[in-house]
Amino acid sequence: MKKQIFITQVVPKSEVSRLNLSQAANNFCFRIAETCDCRHISIVPISVKEMLNSSVEDGCRYFQVRKFTHKGAAKWINAIIENIIVFNYVRKCSESSVWLYNIIVPNVLLFYLLKYFTKKHLFVLLADYNPKRYPWIVRKLIISSLRQCDGMISLSGRCKIKGQQILNIPGIFPQKEMHRFSGRFHGNHKFLLSGTINKNTGLNLALDAFKNVKAAELYISGSAGSNELALIKQYEMQCHNIHYLGLLPTYSDYLDLLDEVDFVLSLRNPNEEVNLYNFPSKIIEALAHNRPIISTIEYVELTGLNYFTCDYSVSALSELIQNLLNMDENKMKMYLDNYKQLSKRFSESAWKEGFKRMNDRY
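This is a predicted model, so every value here is computed, not measured.

S.K.: How do you make sense of the overall build of the chain when you look at a structure like this?
M.R.: Per the secondary structure count, the chain includes 11 helices and 14 strands. Relative to the compact-globule value of 21 Å for 362 residues, the chain shows a C-alpha radius of gyration of 21 Å, a close match. Put simply, the chain has 362 residues, and 54% of those count as buried. Across the chain, the fraction of contacts at a sequence separation of at least 24, relative to all contacts at a separation of at least 6, is 72%. Summed over all atoms, the accessible surface of the chain reaches about 16500 Å², with 51% contributed by carbon and sulfur. Of the side-chain charges in the chain, 45 are positive and 33 negative, and the distance between the mean point of each set is 9 Å.

Written out as structure tokens, the structure reads:
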């Protein structure tokens, strides 16, 4: 018997790129499920209109209802039916603990069904919450559910939600894949911005900064909307040092790119409320591959690790980039090796202990 049930919103690993979904979120959920010995269940993201070919793949059982045309009000009827089906499945399972990956509109009904109609202990893995995404009444409903859960692990150490025991573990990365020895600094002046590409993840800031520092090369990879693509194309035409690579075909391709660059950018706006409730997984991933990070937020979650910070402004980022181009290679060594702290705080053992601490309370 598995130790607990983990309910996520993932798709089969082979489908992430084709469906234009977050590779980072998908990878994260599978790693947690495998690490913490979970029965893994997924309510297929509501944005996926087509039916998946398989209901069980990669050790995960997928629940998806597209009985009605998946748009408008009918889309939400499908979601309600999904919640009821998953509720009936979970209540019959022998596991006493249930973990939900985030509380969002498509699974909030499931939370309350499990809360009031089963005796299972409910926990939340809070990776992301954006108050601006929802109207006031929905925000109240989600916050209320987070306060009523039996415990929470938050990726963010700046989370303002109170009411139950909260642990902070910013991310997970397999210890065997962490680079044990100091990384190699290429000195090629290449910088990487990757993931979901939009204003909140620093697109506009990066474009303007690298427009100022032509000696540095900006590589952008990941999924972007039509407005973002148009903006990137505009800058590419004006600036020879800005390159958009799109969503790379495989994770291996991304790792090859990561190894090729000298710096990785994490450019979240510290004044946006959404960034109190998340932690960029790309930071842990880059540090684990010994790539120096440039962040516009000084994260309490990264205390003790070596990375670069600057204010969230074009002038501050431009100045830092210029300084890094002229930095002595010997001074870079401390930013190329964070293995000890990473292995202690972000490996599988940290998550196993976190899940155990929550479950042992009951």
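We are not done yet, so read on.
S.K.: Help me understand the nonpolar core in this model?
M.R.: Considering soluble globular proteins, one finds that nonpolar side chains tend to be buried as a cluster. Counting 55 residues, the largest nonpolar core has F6, F28, I32, L125, L302 and W351 as its most contacted members. For this core, the secondary structure elements donating two or more residues are α1 (23-35), β4 (60-63), β5 (97-101), β6 (121-126), α7 (251-260), α8 (281-288), α10 (339-345) and α11 (348-360). For F28, the contacting residues outside a window of four places in its chain are Y101, L125, L155, G171, I172 and W351. With 34 residues, the next largest nonpolar core counts I197, L203, L205 and M332 among its residues.

Cut-offs used in this document
- Residues numbered from 1 in each chain as written.
- Predicted model: local features only at pLDDT ≥ 70, side-chain atom pairs only at ≥ 80, totals over all residues.
- Heavy atoms only, no water.
- Helix = DSSP H or I, 4+ residues; strand = E, 2+ residues; numbered from the N terminus.
- Rg over C-alpha atoms; globule rule 2.2 N^0.38 Å.
- Buried < 20%, exposed > 50% of the residue type's maximum accessible area, 1.4 Å probe, protein only.
- Contact = heavy atoms within 4.5 Å.
- Areas by Shrake-Rupley, 256 points an atom, 1.4 Å probe, with all protein chains shown as cover.
- Lys, Arg positive; Asp, Glu negative; His and termini not counted.
- Charge placed at Lys NZ, Arg CZ, Asp CG, Glu CD.
- Core = buried A, V, L, I, M, F, W, Y, C linked by side-chain atoms within 4.5 Å.

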